[in-house]
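Reading the structure
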Amino acid sequence: QVQLVESGGGLVQDGGSLRLSCTVSGNIFSINAMGWYRQAPGKQRELVAAITNGGSTNYADSVKGRFTISRDNAENTVYLQMDSLKPEDTAVYYCNVNYLHYSMRHLELWGQGTLVTVSS
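1. A word on the pairing of strand β9 (residues 91–101)
- Burial runs high along β9: nine of the 11 residues are buried.
- Sheet topology places strand β4 (residues 28–39) next to β9; nine bridges connect them, and they run antiparallel. What sits directly across from G35, in β9, is N96.
- Examined bridge by bridge, β9 and strand β11 (residues 114–119) share three bridges and lie antiparallel to one another. Counterpart to V92 in the pairing with β11 is L115.
- Bridge count for β9 against strand β10 (residues 106–110) is five bridges, and the pairing is antiparallel. Residue pairing in the sheet places Y99 in a bridge with L107 of β10.
- In sequence, β9 turns back onto β10 through a hairpin of four residues, with M104 there showing a positive phi of about 75°.

Conventions used here
- Residues numbered from 1 in each chain as written.
- Predicted model: local features only at pLDDT ≥ 70, side-chain atom pairs only at ≥ 80, totals over all residues.
- Heavy atoms only, no water.
- Buried < 20%, exposed > 50% of the residue type's maximum accessible area, 1.4 Å probe, protein only.
- Helix = DSSP H or I, 4+ residues; strand = E, 2+ residues; numbered from the N terminus.
- Pairing = 2+ DSSP bridges.

Shown next as C-alpha cells:
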C-alpha cells in the first residue's frame with residue numbers, strides 16, 4: 001500500500017511564508033513527477049507547481065517568483081516553499097505523485113489536502 005502524508009498548512013498573514021511537505025511511503029519502485037495542486041472555495045483544482053525526477057520544474061503563472069518546489073529523492077519527499085503569500089493563495093493544497101509500483105504499473109496518488117489560509 002502506498003501512502004502520502006502532507007504537512008505544513010496553516011494560517012499566515014499577507015506577505016508571510018509557509019512550507020508544505022509531502023512524503024511518500026509504501027510499495028514504490030520509483031517516483032516520477034511530484035506536484036502540488038490547490039483548490040479554493042468555488043473554484044476548480046489547479047496546478048501550482050510540479051517537479052520531475054530529473055529536477056525540472058513547472059509553475060503556475062500566479063506563483064512564479066514566490067513559490068519554490070523541491071524534492072528529496074532519498075526521502076521520497078516533495079516540498080513547496082511559499083513566500084510573499086497573498087489572500088488569493090488561500091486554498092486547500094494537495095500533493096500529487098506519479099509513481100511506478102513494484103507491479104510495474106504507473107499509478108497516481110493524491111494527498112488528503114492541507115489548508116492554507118492567508119489573512120489580509
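Read on for the rest.
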